[in-house]
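The primary structure of each chain is shown beneath.
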Amino acid sequence: MYSPIANLIYRVNISPQNNAVLLANGNITYLQIYTLARKIASKLSDHGVSSGYFVITILPDKQTDWIFTLGLFILGASTCSNHGLEIPEGIKYDWVISIKSPTVILESKLIL
């Protein structure tokens, strides 16, 4: 199976300062993305997120969502990106990461 983390680490090793993401207001290098993803993984681990957990991200900015997803992959978590939408009822999850509090989740499973 293809691993985005293995690919990112490969890119960091061969060309850390190359642009990974080109944005209108600036660029992000492979090393910057990896560093951010590791910091996010550390913070999420501090909150109790770990390998095997299912985490839903509700983040409107796709670049931010992708970096959080990479951080979750570093921890070994599975993810579902909702890009600012509400969570459909009936989905079983361990954590939700959002910039706002969705109406259908348990507050004890929310990281804002």
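Residues numbered from 1 in each chain as written. Predicted model: local features only at pLDDT ≥ 70, side-chain atom pairs only at ≥ 80, totals over all residues. Heavy atoms only, no water.

A. The side chain of Ser 98, seen in detail. Here Ser 98 shows up in strand 5 (residues 95-98). Classification of Ser 98 as buried rests on a relative accessible area of 1%. Polar contacts involving the side chain of Ser 98 include one to the main-chain carbonyl oxygen of Ile 58, which spans 3.4 Å. (Helix = DSSP H or I, 4+ residues; strand = E, 2+ residues; numbered from the N terminus. Buried < 20%, exposed > 50% of the residue type's maximum accessible area, 1.4 Å probe, protein only. Polar contact = N/O pair within 3.5 Å; in protein donor to acceptor, adjacent residues only side chain to side chain.)

B. Representation of the packing of helix 1 (residues 4-14) against helix 3 (residues 62-75) within the structure. Relative orientation of the contacting elements helix 1 and helix 3 amounts to 105°, with a least axis distance of 9 Å. It follows from the interaxial angle that helix 1 and helix 3 lie roughly perpendicular. Here helix 1 contributes Pro 4, Ile 5 and Leu 8 to the contact with helix 3, which in turn contributes Trp 66, Leu 70, Phe 73 and Ile 74. (Axes fitted to C-alpha atoms, helices over the stretch in contact; angles between N-to-C directions. Parallel < 35°, antiparallel > 145°, perpendicular 65-115°, else oblique. Contact = heavy atoms within 4.5 Å.)

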